[in-house]
Amino acid sequence: MRPERCAIPAGLVWGGQADAHGALPGSEGFYTGVAHVLQEPALVLALIAAILGLLPDWPRRFRTGAIVFSAALALGLLAGRDLATLLPIQLALLLAAMAMGAAAALAGDRATATALLCIAVLGLLIGAASLPDPGDRIDVLVTTAGGVSVPLVALLVTGGAYDVLPTRFRTPSLALALRIASAWLSAIAAMLAALVIRSGG
């Protein structure tokens, strides 16, 4: 394709992006917070692990677990700076995801107390990892809101989608599929944790 034929379409694309950013002044920080969560493998695995841990024994565990997760997420935001000085957050996220995946794979809808403990730890660590670097107070708040919106929206969407799933599809096969997915997630988290440890991170 000749360069001059690309000029107008490219201009339209970039112009649209500029208008989109200009429509919501200050929203760049929010997008940065969202992108931070979605681009960090440890955060993504931890969030998926929390969701997989909430689905067994539906809906009782989800109702309790969602409250536990949200409270731990808020606590993680408050204590995030202190947690970051005590332990490597990325490694802790991977280890917690590995533990949650193993618990969900081995116990399924049993061991609810263990699952809720793992969910609380995951919420705490996700909250701590969602904090941006120190800076202007407003910028920090907007970026933090973007980061926190991802796990909360994921929680709401998953709960709503699973709730409307017809009962006839909630079969032992679906429970087995959740356990298999949890086992795979645990293995991936363990592999990444080993790489982080080996690299000294």
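Anything mentioned here points back to the structure above.
Residues numbered from 1 in each chain as written. Predicted model: local features only at pLDDT ≥ 70, side-chain atom pairs only at ≥ 80, totals over all residues. Heavy atoms only, no water.

A. Here's a closer look at the packing of helix H3 (residues 41–54) against helix H8 (residues 172–198). Where H3 meets H8, the closest approach of the two axes is 10 Å, and the angle between their N-to-C directions is 155°. With respect to H8, the element H3 is oriented roughly antiparallel. The chirality of how H3 crosses H8 is left-handed. Along its contact with H3, which presents Pro41, Leu45, Ile48, Ala49 and Leu52, the element H8 presents Leu178, Ala181, Ser182, Leu185, Ile188, Ala189 and Leu192. Broken down by class, the residue content of the contact of H3 with H8 amounts to 11 nonpolar, 1 polar and no charged. (Axes fitted to C-alpha atoms, helices over the stretch in contact; angles between N-to-C directions. Helix = DSSP H or I, 4+ residues; strand = E, 2+ residues; numbered from the N terminus. Parallel < 35°, antiparallel > 145°, perpendicular 65-115°, else oblique. Left-handed = near helix turned anticlockwise from the far one by under 90°. Contact = heavy atoms within 4.5 Å. Nonpolar A, V, L, I, M, F, W, Y, C, P; charged D, E, K, R; others polar.)

B. Quick peek at a nonpolar patch on the surface. Taken together, the side chains of Leu176, Ile180, Trp184, Ile188, Met191 and Leu195 present a nonpolar region at the surface, about 630 Å² in accessible area. Mapping Met191 onto the fold places it in helix H8. (Patch = residues over 30% accessible without salt bridge, like charges linked within 9 Å, V, L, I, M, F, W, Y side chains within 5 Å. Areas by Shrake-Rupley, 256 points an atom, 1.4 Å probe, with all protein chains shown as cover. Salt bridge = Lys/Arg side-chain N within 4 Å of Asp/Glu carboxyl O.)

C. Representation of the side chain of Ser149. Structurally, Ser149 can be placed in helix H7 (residues 137–164). Polar side-chain contacts of Ser149 include one of 2.7 Å to the backbone oxygen of Gly146. Those residues in contact with Ser149 that lie beyond four places of it in its chain are Phe30 and Val34. (Polar contact = N/O pair within 3.5 Å; in protein donor to acceptor, adjacent residues only side chain to side chain.)

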